[in-house]
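Survey of secondary and tertiary structure
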Amino acid sequence: MSGGAVAGPDGRLRCPWGLSAEDYVRYHDEEWGRPVRGDDALFERLALEAFQSGLSWITILRRREGFREAFAGFRIASVAAFGDADRERLLADAGIIRNRSKIEATIANAQVLAGWAEGELDALIWSYAPDPAVRQAPRTVADVPAVTDESTALSKDLKKRGLRFIGPTTAYALMQACGLVDDHLADCVARGSRGTG
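Reading the values: rules and limits
Residues numbered from 1 in each chain as written. Predicted model: local features only at pLDDT ≥ 70, side-chain atom pairs only at ≥ 80, totals over all residues. Heavy atoms only, no water. Helix = DSSP H or I, 4+ residues; strand = E, 2+ residues; numbered from the N terminus. Rg over C-alpha atoms; globule rule 2.2 N^0.38 Å. Buried < 20%, exposed > 50% of the residue type's maximum accessible area, 1.4 Å probe, protein only. Contact = heavy atoms within 4.5 Å. Areas by Shrake-Rupley, 256 points an atom, 1.4 Å probe, with all protein chains shown as cover. Core = buried A, V, L, I, M, F, W, Y, C linked by side-chain atoms within 4.5 Å.

Looking at an unreviewed UniProt entry, one finds the protein chain named DNA-3-methyladenine glycosylase I, with Streptomyces wuyuanensis as its source organism.

Structure (structure tokens):
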């Protein structure tokens with residue numbers, strides 16, 4: 001079946017994108033689609049998904065440690081305190097994507113989130129997780145949506161609360177990456193392995 005799960009070198013079936021690069025195999029098998037909880041962890045994913053906009057995810061994945069170092073481990077309180085010197089430092093940091101708009105959005109988002117109660121971001125994002133019982137497992141990559149009603153609603157809610165760089169497509173990528181939905185293909189070895197992450 002075209003676009004269905006593909007056997008890797010180990011003979012196990014995976015989503016086709018999960019075999020396109022060595023870094024992807026590990027990310028696909030161990031992270032993507034597994035639940036991510038906690039405000040700082042979700043802030044990191046929000047920021048990385050925003051930086052990914054217009055680029056391939058592998059570009060972000062390969063620079064993730066650089067991003068973590070540059071953005072103080074994505075601790076919301078720390079990033080919210082960034083000033084002009086930090087902005088200039090980030091714009092000069094070859095270990096990340098040096099996009100002024102995305103850097104500014106990440107800092108601004110941290111400043112908004114710093115005013116939220118502990119656990120509020122986690123609770124808000126997870127409130128948009130659809131009921132897994134009503135979602136059929138995708139059989140091919142063509143069955144995986146880019147946007148859903150839930151991602152559109154999550155995007156609108158986050159924007160209404162002052163967050164930037166989080167459109168419906170970015171919101172859905174976040175939902176996939178953080179385990180709010182399981183978009184591993186039906187025959188994929190990682191399907192249903194949504195342990196805590």
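**What to know about the overall build of the protein chain**
Helix and strand content of the protein chain: 10 helices and two strands. Secondary structure of the protein chain in N-to-C order comes out as β-β-α-α-α-α-α-α-α-α-α-α. Relative to the compact-globule value of 16 Å for 197 residues, the protein chain shows a C-alpha radius of gyration of 17 Å, a close match. In terms of overall dimensions, the protein chain has C-alpha extents of about 55 × 35 × 25 Å along its principal axes. The 197 residues of the protein chain split such that 46% are buried. Counting contacts in the protein chain only where the partners sit at least 6 residues apart, residues at least 24 apart contribute 67% of the total. In the form shown here, the protein chain has an accessible surface area of approximately 9,300 Å², with 49% of it arising from carbon and sulfur atoms.

**Points about the nonpolar core**
Grouped together as the largest cluster of nonpolar side chains are 49 residues, with contacts concentrated most on Phe67, Phe71, Leu121 and Leu158. Considering every element that reaches this core, the biggest residue donor is helix α2 (residues 39–52), with six residues. Ignoring any residue separated from it by four or fewer positions in sequence, one finds Phe67 in contact with Leu48, Phe51, Ile60, Phe74, Gly95, Ile96 and Ile97.

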